[in-house]
Amino acid sequence: MKYVLVTGGVVSGLGKGVTASSIGLLLKACGLRVTSIKIGLFFFFFFFFLAVSHFDISDPYLNTDAGTMSPFEHGEVFVLDDGGESVIDRERKGDYLGKTVQVVPHITDAIQDWIERAAQIPVDGKPGSADVCVIELGGTIGDIESMPFIEALGQFSYRVGPGNFCLIHVSLVPVLNVVGEQKTKPTQHSVRGLRCLGLTPHLLACRSTTALDENVKVKLSQFCHVPIDNIITLYDVPNIWHIPLLLRDQKAHEAIFKVLNLQSTATEPDLEEWTSRAEIADVLHEPVRIAMVGKYTGLSDSYLSVLKALLHASVAQRKKLFVDWVPAADLEDETAKENPDAYKAAWKLLKGADGVLVPGGFGDRGVQGKILAAKYARENRIPFLGICLGMQIAVVEFARSVLGLQDANSTEFDPNTKNPCVIFMPEGSKTHMGGTMRLGSRRTYFTVMDCKSAKLYGNRSSVDERHRHRYEVNPEMVGRLEKAGLSFTGKDLTGRRMEIVELRNHPYYLGVQFHPEFKSRPGKPSALFSGLIAAACGQLDSLLLQGSENKRIIPMTAGNIDSSTAIIYQNGSATKASNGTLDGIYSLCNGVH
């Protein structure tokens, strides 16, 4: 196994994740099997908790469950197929009780062991491990939180040996407006700090507004001890899909192959399809406008995967995406009294949109506004997609408006409601928030095939998507809701958990309990996001017809399903997918653990 480590320096937000994913894509385009790992602050505190019995520290990242953090604190919480948000199993099992646990060697050894185990897990459906594992280290070099990682990775480079470890450091080369000169000092100091911690970069990926001048490269090479050919400029581009092309054009793959002794096994990168996609995204001009009605609209990173999924779908439909951020609370009557300007602005955005999306969330702030948005989309036949909480509020709105149950609600917001449309259905404890979520990949079975969601998924009998929630539609209310016209077209194997809801007499009105955005990727957008964009552009019928022509189903029932495999027919040929998923786990490359 070969390892590529991506670190970052100077400031946060330089694009380590984009760089790591782009490297993975580039290596994959060279014919290599690639997997990737993201390790960050939550991972550190898992090991930190193992090491001490008492601590007094005011750092803001002491949460053991990422699921209990507000997205305002640290952006979106991403969910994987296995449900992993933070690695805390050994802490909960108490494996270290009674032992004297030290940062070195116990914690650093545990980090290294975990990296090796995770790297061996195949993510492309093929047997055996990948050729290369790309590791992104969260945080910025010099952060106190990163110290155990840096020490562990320094040891790890010796563990795996020369030729198996390549370090790429992402740094900043700013241009001061006063003098108009590219400044190398920030990168010099960052690399010096990295070397003091026991790691020396093999490549520098320098973020700058423009390509680095040749004399700047010479200076960086001299003071950072990196060959000049291994200094890559990641300058500003129209969209981030150009980053793999920048890496290719500057021969980053050749530099990596040289460090990892892969010259004889890798080929020249084939990025023709990727290049076409990036160029198409640059010239799109016909707009599609989506109103994002949410609680955390003040921080776009809170809905990062949703935004990317919308982008993937809009590019596939050859449309230029415009997202209008609508604070849910601003749609409510209370805002009309307290801040009429904000109220009018929110409703103007909502009514001007081609489609409405209500993403997931927690807490009761803005819930009434989300319900009003769902009602507006339903009554005015505006394409609508509700995700997780977005699905739940659509059900509540339908119960209130159509069934006439004015007090219908979720027990999350009104525990005493007489008409609980959404109830607490935990995976574990009913009293503790940590570890009670329904997390990770779960299978949804279509109850009927003549529905938009089934057609969008290619007429498959079931689909695997990732979940992250505690509350679900009350199964005792389903009969009344369906009788009134709300169709639950997807359920779990037991039939007790509602996964997909649709309005049949609506152009596009879908709600899903899962999070389809987590498995969307460029070139393979989420089916339901594609449906929303297509419906918003008046192209849904052709998209549904395309899906019907390409795939036909093999019936899957509780009696004949093997939970570890699924078989579909695509264009007449059988295709087997392992681990019960047809899609895998994707970033820009082909895997994330």
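Parameters at a glance
- Residues numbered from 1 in each chain as written.
- Predicted model: local features only at pLDDT ≥ 70, side-chain atom pairs only at ≥ 80, totals over all residues.
- Heavy atoms only, no water.
- UniProt positions renumbered as here; feature names shortened; annotations may be inferred.
- Helix = DSSP H or I, 4+ residues; strand = E, 2+ residues; numbered from the N terminus.
- Salt bridge = Lys/Arg side-chain N within 4 Å of Asp/Glu carboxyl O.
- Pairing = 2+ DSSP bridges.
- Axes fitted to C-alpha atoms, helices over the stretch in contact; angles between N-to-C directions.
- 1 Å grid on protein atoms, 1.4 Å probe; cavity = no way out; pocket = protein on both sides within 12 Å on 5 of 7 lines; lining within 4 Å.
- Points joined across faces, edges and corners; volume = space filled by probe spheres on them.
- Nonpolar A, V, L, I, M, F, W, Y, C, P; charged D, E, K, R; others polar.
- Contact = heavy atoms within 4.5 Å.
- Expected span 1.5 Å × (residues − 1).
- Buried < 20%, exposed > 50% of the residue type's maximum accessible area, 1.4 Å probe, protein only.
- Arc of directions from axis to C-beta.
- Core = buried A, V, L, I, M, F, W, Y, C linked by side-chain atoms within 4.5 Å.
- Parallel < 35°, antiparallel > 145°, perpendicular 65-115°, else oblique.
- Phe/Tyr/Trp six-rings, centres within 6.5 Å; stacked < 30°, edge-to-face > 60°.

- Named according to an unreviewed UniProt entry, the protein is CTP synthase originating from Trema orientale.
- One UniProt comment on the protein, placed under Catalytic activity (unreviewed entry), says "UTP + L-glutamine + ATP + H2O = CTP + L-glutamate + ADP + phosphate + 2 H(+)".

### Digging into the UniProt feature "domain: CTP synthase N-terminal" (unreviewed entry) in the protein
Right, on to step 1. When the UniProt feature table is mapped to this numbering, "domain: CTP synthase N-terminal" (unreviewed entry) covers residues 2-39 and 86-262.
Right, on to step 2. Secondary structure within residues 2-39 divides into 37% helix and 34% strand; the distance between the first and last C-alpha atoms comes to 17 Å.

### A closer look at the pattern of salt bridges
Right, on to step 1. Applying the stated criterion across every chain yields a total of 16 salt bridges.
Right, on to step 2. With its nearest N and O atoms 3.7 Å apart, the salt bridge here joins Glu379 to Arg378.
Right, on to step 3. The partner of Arg443 in a salt bridge is Asp464, and the shortest N-O contact between them spans 3.0 Å. One end of the pair, Arg443, is in strand E15 (residues 438-446); the other, Asp464, is in strand E16 (residues 462-469), with 21 residues separating them in the sequence.
Right, on to step 4. Several salt bridges share partner residues, and in doing so they unite Asp113, Glu116 and Arg159 into one network.

### Some details on the sheet that holds strand E19 (residues 498-503)
Right, on to step 1. Spatial strand order, E10-E9-E11-E12-E20-E19-E18-E15-E16: nine strands in an open sheet with mixed pairing. Of all the strands in the sheet, just strand E10 (320-327) and E16 have a single pairing partner and so form its edges. Strand-to-strand twist across the sheet, computed as the mean angle between neighbouring axes with direction ignored, equals 25°.
Right, on to step 2. Pairing of E19 with strand E20 (residues 509-512) involves three bridges; the strand directions are antiparallel. Directly across from Val501, in E20, lies its bridge partner Gly511.

### Focus on empty space enclosed by the protein
Right, on to step 1. In the structure shown here, the tally under the stated rule is four cavities of 30 Å³ or more.
Right, on to step 2. Each pocket or cavity is described by its volume, and for the second largest cavity that value is around 50 Å³.
Right, on to step 3. Looking at the second largest cavity, the residues that line it are Gly361, Phe362, Cys388, Leu389, Gln392, Glu412, His469, Arg470 and Tyr471.
Right, on to step 4. Of the residues assigned to the lining of the second largest cavity, the class counts are four nonpolar, three polar and two charged.

### Notes on the sheet that holds strand E14 (residues 420-424)
Right, on to step 1. Strand order in the open sheet made by the three strands is E13-E14-E17, with mixed pairing throughout. Across the chains shown, the open sheet's two edge strands, defined by having one partner strand only, are strand E13 (409-410) and strand E17 (471-473).
Right, on to step 2. Relative to E14, E13 runs parallel, the two sharing two bridges. Bridge pairing in E14 links Ser410 to Val422.
Right, on to step 3. Running at roughly 150° to E14, helix H16 (residues 389-401) makes contact with E13, E14 and E17 of the sheet.

### Some remarks on helix H11 (residues 272-283)
Right, on to step 1. Between its first and last C-alpha atoms H11 spans 17 Å; for 12 residues at 1.5 Å apiece the expected length is 16 Å, and the two agree.
Right, on to step 2. Inspection of H11 places Trp274, Thr275, Arg277 and Ala278 among the buried residues, and these make up the whole buried set. Each buried residue of H11 lies within a common arc of 165° when the element is viewed along its axis, so the set occupies one face. Within H11, the exposed residues directed more than 90 degrees away from the buried face are Glu272, Glu273 and Val283.
Right, on to step 3. Where the residues of H11 are buried, they touch helix H1 (16-29), helix H9 (243-249) and helix H12 (304-316).

### Focus on unusual backbone geometry
Right, on to step 1. Even without being a glycine, Val10 presents a positive backbone phi close to 75°.
Right, on to step 2. The exposure class assigned to Val10 is partly exposed, which follows from its relative accessible area of 34%.

### Topic: the nonpolar core
Right, on to step 1. Residues Val293, Leu350 and Phe488 are the most contacted members of the largest nonpolar core, which totals 43 residues.
Right, on to step 2. Looking at this core element by element, the count peaks at eight residues for H16.
Right, on to step 3. When residues no more than four places from it in sequence are discounted, the contact partners of Leu350 are Ala291, Val293, Val326, Leu331, Val356, Ala373 and Tyr376.
Right, on to step 4. Ranked by size, the runner-up nonpolar core spans 39 residues in total, among them Leu14, Leu26, Val132 and Leu247.

### With respect to the packing of H1 against helix H10 (residues 252-260)
Right, on to step 1. Where H1 contacts H10, the axes come no closer than 10 Å and their chain directions differ by 80°. By the angle between their axes, H1 is roughly perpendicular relative to H10. Contacts from Ile23, Leu26 and Leu27 of H1 reach H10 at Ala252, His253, Ile256 and Phe257.
Right, on to step 2. Per-class residue counts for the contact of H1 with H10 are six nonpolar, one polar and no charged.

### Comments concerning helix H5 (residues 103-119)
A turn of α-helix holds 3.6 residues, and therefore any two residues three or four places apart point the same way.
Right, on to step 1. Over its 17 residues, H5 runs 23 Å from end to end, which matches the ideal 24 Å to within 8%, given 1.5 Å per residue.
Right, on to step 2. Listing the buried residues of H5 in full gives Ile107, Thr108, Ala110, Ile111, Gln112, Trp114, Ile115, Ala118 and Ala119.

### Some points on the pairing of E20
Right, on to step 1. Burial along E20 is two-sided: the face carrying Tyr509 and Gly511 and the face carrying Leu510 and Val512 are both buried.
Right, on to step 2. Strand direction decides the pairing type here: strand E12 (residues 384-387) and E20, joined by four bridges, are parallel. By the bridge assignment for E20, Gly386 is matched with Gly511.
Right, on to step 3. Connecting E19 to the next strand, E20, in antiparallel fashion are five residues.

### A word on the packing of aromatic side chains
Right, on to step 1. The final tally for this structure, using the stated rule, is nine aromatic pairs.
Right, on to step 2. When the ring of Trp241 is compared with that of Trp274, the centres are 6.2 Å apart and the planes differ by 55°; the resulting orientation is tilted. Residue Trp241 is found in the loop between strand E8 (231-235) and H9, and its partner Trp274 is found in helix H11; the two are separated by 33 residues along the sequence. Of the two residues, Trp241 and Trp274, both sit in the buried class.
Right, on to step 3. Members of the aromatic cluster, connected to one another through ring pairs, are Tyr3, Phe156 and Phe165.

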